[in-house]
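Examining the three-dimensional arrangement
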Amino acid sequence: MCTLTYIPYKSNGFILTTNRDESGSRPTVSPMYYNHKGEVLLYPRDLEASGTWMASNGSNTTICLLNGAFVRHQREMKYRKSRGVMALEYFGYSDTLEFIRDYYFKGIEPFTLIVVKHDNSVQLQELRWDGTSIHFRVLPESDPRMWSSATLYPQNIWKKRESWFKDWLETKFESTQNSILEFHHNGGGGDERNDLIMNRDGKVMTVSITSIKWEDAHLELYYEDLLNDKISHFSYRKDNFSSNPFQCAQE
């Protein structure tokens, strides 16, 4: 939920990849299918808050959540609801504009929610909640883009990280999921506290990498648990997403 890249893929697809920077002791479950109020979703699960930072419904929507909006904020003692739960509740709305109009955001910690709509065409959307107001924009879906969590990376650091991303695009980029995963493993300048695989004195570190690729109604999810050295991989077509071979957990 702390570093995210978006790569347009071929004529009508994308690759969305995120590194999650978190306490190594925070319990997490690798991705699986969940029946969320009648809709099948695929996502890794944060057991502490029962939410997620990345999810897809396998047909037309994939989302990724980052902590913070624009700058590091002063945390309150208690919040009404987890941001990760809010991210799952997004799927209960017909579109992002309805979500913005009807959802009750007060009492939720600031966040950035990236939404990729991918039915007949791809649309990239960015929604930021700063604790007071919603900021929404539609971004060019043909442009690669990178985000860094405002709670961990101040402006000078996320600009430096964007320069690494730009350099990688110009010198090493290949239009494959493996290529972007290589950047998410090795991107940086040798600063363990701010590289894409980061570690801040063992208190906060990159605990996993999640990548979703969409192309021609076919979705692939790659998940790497860096703490336990485990990899999960899901691959399916849009038409058979809900008839998956796994038993859906009920939400």
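Look up a bit, the structure's there.
A few words now on helix H4 (residues 177–186). Side chains three or four residues apart in an α-helix point the same way, a direct result of the helix having 3.6 residues per turn. Three or more residues of H4 are buried, namely Gln177, Ser179, Ile180, Leu181, Phe183 and His184. Residues of H4 that are buried make contact with strand E1 (3–9), strand E2 (13–22), helix H3 (155–171), strand E12 (204–215) and strand E13 (218–225). Within two residues after H4, Gly188 carries a phi angle of roughly 145°, on the positive side.

Looking at the largest pocket, its volume works out to about 740 Å³. In terms of lining, the largest pocket is formed by 28 residues, of which the most central are Glu22, Asn67, Arg75, Arg83 and Glu109. Looking at the lining of the largest pocket, the elements that each hand over two or more residues are E2, strand E6 (61–67) and helix H1 (83–89). In terms of residues, the lining of the largest pocket owes the most to one element, E2, which gives 3 residues. Along the lines of polarity and charge, the residues of the lining of the largest pocket split into 7 nonpolar, 8 polar and 13 charged. In this structure, the second largest pocket occupies an estimated 360 Å³ of space. Around the second largest pocket sit 22 residues that line it, and Arg128, Met146, Trp147, Trp158 and Glu162 are the ones nearest its centre. Where the lining of the second largest pocket is concerned, the elements lending two or more residues are E6, strand E8 (122–129), strand E10 (145–148) and H3. For the lining of the second largest pocket, the leading source of residues is H3, giving 5 residues. Looking at the lining of the second largest pocket residue by residue, the classes come out as 10 nonpolar, 5 polar and 7 charged.

Thresholds applied
Residues numbered from 1 in each chain as written. Predicted model: local features only at pLDDT ≥ 70, side-chain atom pairs only at ≥ 80, totals over all residues. Heavy atoms only, no water. Buried < 20%, exposed > 50% of the residue type's maximum accessible area, 1.4 Å probe, protein only. Helix = DSSP H or I, 4+ residues; strand = E, 2+ residues; numbered from the N terminus. Contact = heavy atoms within 4.5 Å. 1 Å grid on protein atoms, 1.4 Å probe; cavity = no way out; pocket = protein on both sides within 12 Å on 5 of 7 lines; lining within 4 Å. Points joined across faces, edges and corners; volume = space filled by probe spheres on them. Nonpolar A, V, L, I, M, F, W, Y, C, P; charged D, E, K, R; others polar.

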